[in-house]
Every structure is written in structure tokens, then in C-alpha cells.
Amino acid sequence: MSDPRKQPAKTPPEQGKDEWFLPEEARTRLKELFKSLVNDVEVAVFTAPGLNDPYNEYVTKLVSDLARLDERIQPSFHGLDGEAAKKHGVAASPTVLLAPDKYKIRFSGAPVGEEGRSFLSAILHASAGNSGLSDVSRQILEKLDQPRKAQVFVTPTCPYCPGQVLNAVRCAVEKPGLVAAECVETDENPDLAAEYNVGSVPHTVFNDGAHEQLGLMPEERFALELFALKDAEEVLGSGQADLPKAEPGEYDLVIAGAGPAGLTAAIYAVRSGLKTVVLEKSVIGGQVTLTPVVENYPGFKTVPGKALMEIMTDHARRYAPIQEGEGVESVTREGDRLLCTTPRGAYRAKAVILSTGATYRKLGIPGEEEYFGAGVNYCASCDGYLYKSKKVAIVGGGNTALTDALHLKNLGIEVTVIHRRDSFRAQKHLQDSLEREGIPVIWNTEVTEVRGENGRATGIALRNVESGETSELQLDGMFIAIGYTPHNELAKALGLELDEAGFVKVDKNMRTSQRLVYACGDITGGVQQIVTAIGEGSVAAITAFEDISHPYWVE
């Protein structure tokens with residue numbers, strides 16, 4: 001859904017009978033989606049003139065259109081000074097409640113951008129009266145007998161946020177009356193965001209600060225922490241949790257990771273005749289999902305990273321099941337099989353492909369951990385909106401760093417790039433764009449410390465690598481984009497051969513140092529591009545099929 005930030009503030013006008021706010025293509029898709037509605041759902045909109053007027057107009061028109069598309073969506077419109085607002089404790093404009101007489105599901109702020117997805121999904125869950133939670137999550141919440149509230153702070157561009165919002169919504173549907181779920185649009189609710197020191201999203205606050213978490217959580221972990229109000233590791237380590245183990249069954253191939261490499265491997269594996277499952281501990285798409293714009297991917301001159309991964313995911317799902325939020329915790333050999341364990345149980349497979357990718361590399365300086373999520377960030381797509389009209393630094397000199405700098409500049413943020421060398425590694429067109437946008441660069445300089453006060457970063461210490469001269473830069477935040485560290489925990493546990501940077505060594509057929517274990521994508525290092533990941537994924541799957549069918553080590 002579009003973002004109304006650039007619209008002038010004004011009271012929402014009366015909508016003509018034949019006027020539509022949503023474009024025709026969106027209406028067609030929504031009509032199809034709403035065929036799965038079961039019962040009527042009240043969608044209660046609360047607004048007040050003068051408070052977030054562009055968003056008031058947006059949500060009023062949006063809900064009006066949704067109601068015109070399907071009569072089972074029952075809209076109601078209220079002011080903040082009315083009885084309905086008092087009854088439900090609504091004080092923010094705009095606020096949307098779903099089925100408020102049955103569930104405690106609240107959107108504080110207009111569901112723009114990525115949150116349009118979670119809003120529509122929440123309507124479907126409220127209509128069906130079915131949480132869609134796993135048996136494990138339901139079993140955890142079955143014991144809940146005390147009220148719980150989950151507030152998920154989001155931004156419109158964060159691809160991880162809708163998943164966390166839906167975790168909360170599903171729990172609210174599962175335990176109506178006990179669990180309250182609230183999606184808080186950070187930019188529209190700055191006072192509330194400041195109260196909880198929100199500096200990175202998704203940021204989840206349980207029971208008004210009794211427990212907090214950063215990032216997207218697997219569904220069952222979310223349910224467990226909502227129930228216990230403590231870290232899942234603490235609960236599991238104490239033996240308090242009684243989680244049943246599922247038995248997923250036998251497969252020819254398990255693929256760990258659902259980025260471009262893993263999704264491609266799944267397509268080629270199933271087409272080769274292998275029974276395959278993809279297990280992803282986080283969200284499908286990996287780092288590409290966080291890339292604002294992908295340029296020159298064959299077939300697309302430019303395409304949003306999120307959109308590209310949705311196309312790939314839809315394609316891959318036609319072939320293989322993809323278990324989102326279910327990561328492989330260990331891989332061990334059991335006779336002639338590889339045993340892959342997850343929080344839900346064990347998968348026995350003839351072969352395994354590791355496409356676990358890589359994560360943001362850290363500077364390793366004082367203050368970096370202390371101020372993470374409070375001025376130190378790694379995802380410009382997720383957290384950029386939090387710094388509008390503020391001053392930030394981008395640390396790095398590659399494609400990601402310059403892409404992030406341009407993205408933040410476009411959001412109206414004052415950006416400075418800090419690079420430890422005297423020239424960029426990034427592609428020339430990105431360098432040209434940086435110069436054209438007038439984004440300043442501090443060359444031959446490294447960040448040596450993050451400084452702050454009252455729990456937030458306020459500046460950084462710098463050192464010129466040539467002269468040794470030190471200086472300070474006052475700012476509101478810093479985004480670090482200096483490359484990636486491989487997710488090689490499974491590879492290490494298996495004893496696979498790694499290079500000096502920790503990436504998995506593979507041959508031209510994507511074979512690792514152990515039979516029937518393959519690796520592809522960013523976990524292998526090298527040229528970390530989408531097209532190379534896809535190529536490696538297809539090779540890994542074909543090689544796995546050949547090795548299972550005709551073991552080369554058997555004479």
C-alpha cells in the first residue's frame with residue numbers, strides 16, 4: 001500500500017459514491033482475497049482533526065473502500081472524544097480496532113507500506129476466528145491465565161515487521177480477552193516510541209515493558225516469551241517449558257535457508273524428483289528483502305528487493321514446502337542419513353544443502369553493542385524512517401553502503417559516508433549518484449567508538465588512518481555497512497572446511513568437504529550477488545540429485 005507522507009495535511013473529504021481510493025488492480029486482488037472471509041468483522045476507525053491528518057484521511061478512505069469490496073467488512077468511524085473511544089481506551093489518531101467486542105487487536109497509526117499486509121491478514125484471522133498457530137504455540141498459550149499485551153513497533157519499509165505483528169495478532173485471536181495485540185507505527189506515535197527507546201524495528205514490548213525483544217521471532221518463541229515474559233533461552237534452560245516435539249518425517253533433501261540460493265535449489269531439486277523441504281529460521285528472502293532497489297537483475301532494470309523475493313518465493317512454493325520461522329539447529333549423521341533438528345522435531349534426509357547466508361559484519365568497537373537499536377543500526381530499509389530530518393553516518397564503501405546512503409538521503413535524512421580507504425569499492429553508477437546527490441564523504445577514516453548518553457548514541461569518535469588525527473562527529477545515528485559474516489554454525493558443527501574468513505569451501509559443483517553436504521549462496525563467500533547465488537543454488541541441487549542417484553564414491 002502507498003505511503004501518504006507526501007500528501008498535504010487536510011481533513012479527509014467526503015468520498016463520492018463512484019470514487020475509489022484504491023486502484024483497480026488492488027481492488028481486484030482484494031476481492032479475491034476476501035473470498036476467504038468467514039464472518040462479519042467490525043473495523044472501527046478512530047480519528048481526531050489536527051492529529052496526523054494525512055494518515056487519518058488514508059485510513060478512512062482505505063477502510064471505506066474495503067467495506068465497499070465486501071459487505072462482511074463492517075466499518076464504523078469515531079472521534080477520540082466519543083463513548084467508543086472511552087470504552088476501548090483509544091487516545092491516538094488514527095487508531096483502528098478489529099472486532100473490538102471480541103478481540104483486542106489494535107493498529108495505532110495507519111497501516112501503510114509493509115503493514116498493509118499484516119492489516120489485511122489480521123482482518124482474515126478475525127473473520128475466521130482461527131489463529132492459525134501451530135500445535136506447539138497453542139499448547140503454550142493453553143496454560144495462559146493472566147492478561148498479556150504485545151506492542152510491536154514498526155516502520156512502513158521494514159519487511160520483518162509484518163511477521164512480528166502477525167505473531168501478536170494470532171496470539172490475540174487464540175486467547176481473546178487475555179492477549180492484546182497492538183501494531184504501533186513508530187513515526188506516527190513518536191512519544192510512545194520514545195518512551196520505550198525504539199531505535200530499531202520490529203521492537204516488541206510485552207506487558208508495558210515487563211519484557212522486550214528486538215527483531216522478528218519465530219512464532220513458537222514469540223508465544224513462549226509472551227507467556228513467560230522472559231527470554232526463551234531462560235525458560236528452556238530452566239526446564240519450565242514443556243514443548244512437544246513434532247516428527248516431520250523423511251526427505252531426500254533438506255535445504256537450510258530460504259534466500260535466492262535456497263529457493264532456487266528447491267525448484268531444481270523437486271524438478272529432479274527429490275522430496276525436498278526448505279527450513280528458514282527467519283523470513284524468506286534473506287538480505288535481498290532488505291535491499292530497497294535491486295538494479296540490473298536480468299529481466300528487471302530496477303526492482304524492489306522485496307518484490308523480487310516475492311516472485312521467487314511464489315515460484316518456489318509451487319514445488320516445495322517452505323517452513324518460515326523454523327531454523328535448523330543441528331545437523332548430525334545417523335547411519336546413511338543426515339539428521340536435521342529444529343524446534344519442532346527432526347528431519348531425516350539423504351542430503352543437505354546449506355544456504356544459510358551471512359549477516360551484518362560488526363565494527364567491534366566500544367559502544368557498538370551498548371547502543372545497538374538506540375543509534376547503531378545495520379538495516380537502512382528497516383530503521384531509516386526513524387531518522388527522518390536527523391543526522392546519520394553510513395560506515396562503509398561498497399555497494400550496500402552507497403545504496404543505503406542514497407536511500408536515507410531520499411528519506412530526508414542528513415547523511416555522511418565514512419570510509420577507511422581513499423576510494424570506493426562500489427559500482428561506478430552508485431558513486432556517481434552519491435556525488436550527484438551531494439552526500440559528503442570522510443575519507444581514510446575509521447570509527448573507533450560510539451558515544452552516547454541516557455541510553456542513546458549521540459556521536460562517534462573518528463581516527464584518520466594516515467595521520468592518526470582523532471576527531472568527533474555528533475549525530476543521531478549510525479548505519480554500519482561493511483560486509484557480512486557467514487552463518488557458519490552448522491558448517492562448523494559438521495566439520496566442513498572453511499576459508500580464513502569463515503566461508504564454506506566448495507568445489508565447482510557446490511560440494512563441500514563432506515559427502516552429501518552442499519553449500520551455496522553467501523555462505524560460500526566469493527561474488528555475493530543475487531545472480532551468483534541463484535546459479536550456485538541450481539548447481540547444488542543438480543549435484544545433490546546426481547550424487548544421490550549415482551554416488552561417485554561407489555565403484
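In case you missed it, the structure is sitting above this.
Reading the values: the criteria
- Residues numbered from 1 in each chain as written.
- Predicted model: local features only at pLDDT ≥ 70, side-chain atom pairs only at ≥ 80, totals over all residues.
- Heavy atoms only, no water.
- Pairing = 2+ DSSP bridges.
- Helix = DSSP H or I, 4+ residues; strand = E, 2+ residues; numbered from the N terminus.
- Contact = heavy atoms within 4.5 Å.
- Axes fitted to C-alpha atoms, helices over the stretch in contact; angles between N-to-C directions.
- Expected span 1.5 Å × (residues − 1).
- Buried < 20%, exposed > 50% of the residue type's maximum accessible area, 1.4 Å probe, protein only.
- Right-handed = clockwise from strand over helix to strand, strands pointing away.
- Parallel < 35°, antiparallel > 145°, perpendicular 65-115°, else oblique.
- Left-handed = near helix turned anticlockwise from the far one by under 90°.
- Phe/Tyr/Trp six-rings, centres within 6.5 Å; stacked < 30°, edge-to-face > 60°.
- Lys NZ or Arg CZ within 6 Å of the ring centre and 35° of its normal.
- Arc of directions from axis to C-beta.
- Nonpolar A, V, L, I, M, F, W, Y, C, P; charged D, E, K, R; others polar.
- Salt bridge = Lys/Arg side-chain N within 4 Å of Asp/Glu carboxyl O.
- Polar contact = N/O pair within 3.5 Å; in protein donor to acceptor, adjacent residues only side chain to side chain.

Student: Looking at this model, I keep getting lost on the sheet that holds strand β19 (residues 391–395). Mind explaining?
Tutor: Within a beta sheet, neighbouring strands are joined by backbone hydrogen bonds and run either parallel or antiparallel to one another. Reading across from one edge, β18-β25-β19-β20-β21 is the order of the 5 strands in this open sheet, with parallel pairing throughout. One side of each edge strand has no neighbouring strand; the edge strands of this open sheet are β18 (376–377) and β21 (441–442). Of the pairings in the sheet, the one linking strand β20 (residues 414–418) to β21 comprises 2 bridges and is parallel in character. Residue pairing for β21: I418 is matched across the bridge by I442. The strands touched by helix α13 (residues 399–410) are β19, β20 and β25 (477–480); relative to β19, the strand with the most contacts, the crossing angle is about 165°.

Student: How do you make sense of helix α10 (residues 260–271) when you look at a structure like this?
Tutor: The α-helix winds at 3.6 residues per turn, so residues separated by three or four positions along the chain end up facing the same way. A rise of 1.5 Å per residue sets the reference length of α10, with its 12 residues, at 16 Å; its end C-alpha atoms lie 17 Å apart and thus fit the reference within 8%. Among the residues of α10, P260, A261, G262, L263, T264, A265, A266, I267 and A269 are the ones counted as buried. Remark: G273 follows α10 within two positions and exhibits a positive phi of approximately 100°.

Student: What am I meant to see in the pairing of strand β6 (residues 179–185) here?
Tutor: Side chains on a regular strand alternate between the two faces of the sheet. A large share of β6 lies buried, amounting to 7 of its 7 residues. With 5 bridges connecting them, strand β4 (residues 104–108) and β6 associate as parallel partners. By the bridge assignment for β6, F107 is matched with C183. Looking at chain direction, strand β5 (residues 148–154) and β6 are connected through 7 bridges and run parallel. Paired with V152 across the bridge in β6 is C183. Tracing the backbone out of β5, into helix α6 (residues 161–174) and back to the parallel element β6 gives a crossover that is right-handed.

Student: Honestly, the packing of helix α2 (residues 53–69) against helix α4 (residues 115–128) in this entry has me stumped. Any pointers?
Tutor: Closest axis-to-axis distance for the α2/α4 pair is 14 Å, and the angle between their directions is 40°. Here α2 lies oblique to α4, going by the angle between them. Handedness of the α2/α4 crossing: right-handed. Residues L62, V63 and L66 of α2 lie in contact with α4, whose contacting residues are F119, L120 and I123.

Student: Explain the packing of aromatic side chains to me, please; I cannot follow it from the model alone.
Tutor: Pairs of aromatic rings are described using the distance from one ring centre to the other and the angle between the two planes. Per the stated rule, a full pass over the model turns up 12 aromatic pairs. Seen from their ring centres, F21 and Y58 are 5.5 Å apart, and the 90° between their planes marks the pair as edge-to-face. Of the two residues, F21 sits in the segment before α1 (24–33) while Y58 sits in helix α2, which places them 37 residues apart along the sequence. Its relative accessible area of 26% is what places F21 among the partly exposed residues. Look at Y58 and you get buried, because its relative accessible area is 2%. Here a set of aromatic residues connected by ring pairs shows up, and it is made of Y360, F372, Y378 and Y484. Directly above the ring of W20 sits R68, whose terminal nitrogen or CZ lies 3.8 Å from the centroid. Sitting above the plane of the Y251 ring, K275 keeps its charged end 4.8 Å from the centroid.

Student: Teacher, can you tell me more about helix α11 (residues 305–317) here?
Tutor: With 13 residues, α11 ought to run about 18 Å at 1.5 Å a step, and its terminal C-alpha atoms sit 18 Å apart, in line with that. Regarding α11, the residues found buried are G305, K306, L308, M309, M312, T313 and A316. Down the axis, α11 shows its buried residues gathered within 155° of arc, on one side only. Contacts made by the buried residues of α11 are with α4, α10, β11 (294–297), β12 (300–303), β13 (322–324) and α16 (530–549).

Student: Mind showing me how you'd approach unusual backbone geometry here?
Tutor: Comment: phi is negative for the bulk of residues other than glycine, and the bulk of peptide bonds are trans. Following S93, the chain continues to P94 via a peptide bond in cis, the omega torsion being -5°. Mapped onto the fold, P94 is located in the loop between α3 (83–88) and β3 (95–98). Each neighbour pair has its own omega, and for V201 with P202 the value is -5°, a cis peptide bond. With respect to the helices and strands, P202 occurs in the loop between α7 (190–195) and β7 (203–206). Positive phi, close to 55°, is recorded for L229, a residue that is not glycine. One can find L229 in the loop between α8 (219–228) and α9 (232–238).

Student: Looking at this structure, how should I read the packing of α10 against α16?
Tutor: Following both chains from N to C, one finds α10 and α16 inclined at 35°, their axes separated by 7 Å at the closest point. Taken as a pair, α10 and α16 cross one another with a handedness that is right-handed. When α10 is examined against α16, the residues P260, A261, T264, A265, Y268 and A269 are found in contact with a partner set consisting of I530, A533, I534, G537, S538, A541 and I542. Split into classes, the residues belonging to the contact of α10 with α16 amount to 10 nonpolar, 3 polar and no charged.

Student: I'm lost on the pattern of salt bridges in this one. Help?
Tutor: Proximity of charged atoms lets side chains of opposite charge pair with each other. Inspection of every chain in the model, using the stated rule, returns 23 salt bridges. Measuring nitrogen to oxygen at the nearest pair gives 3.8 Å for the salt bridge that ties D65 to R68. With D65 and R68 both in helix α2 and 3 residues apart, this pair spans about one turn of that helix. Of the charged contacts in the structure, one is a salt bridge between R138 and E174, with a shortest N-O distance of 3.2 Å.

Student: Any chance you could explain the side chain of Q151 here in plain terms?
Tutor: Secondary-structure assignment places Q151 in strand β5. Within polar-contact distance, the side chain of Q151 engages the side chain of E182 at 3.0 Å.

Student: Would you explain the sheet that holds strand β23 (residues 456–464) in this entry?
Tutor: Read across the sheet, 3 strands follow the order β22-β23-β24 without closing on themselves; strand pairing throughout is antiparallel. Two strands close off the open sheet at either side, each with one partner strand: β22 (445–453) and β24 (470–474). Shown here is a sheet whose adjacent strand axes are inclined to one another by a mean of 25°, direction ignored. Judged from the 8 bridges that link them, β22 and β23 form a sheet pairing that is antiparallel. Pairing of R451 across the sheet is with G459, part of β23.

Student: In this structure, what is going on with the environment of M478? I would like to understand it.
Tutor: Relative to the assigned elements, M478 resides in strand β25. Residues within four places of M478 in sequence aside, it is in contact with L363, G375, V376, N377, A393, V395, V447, V450 and I460.

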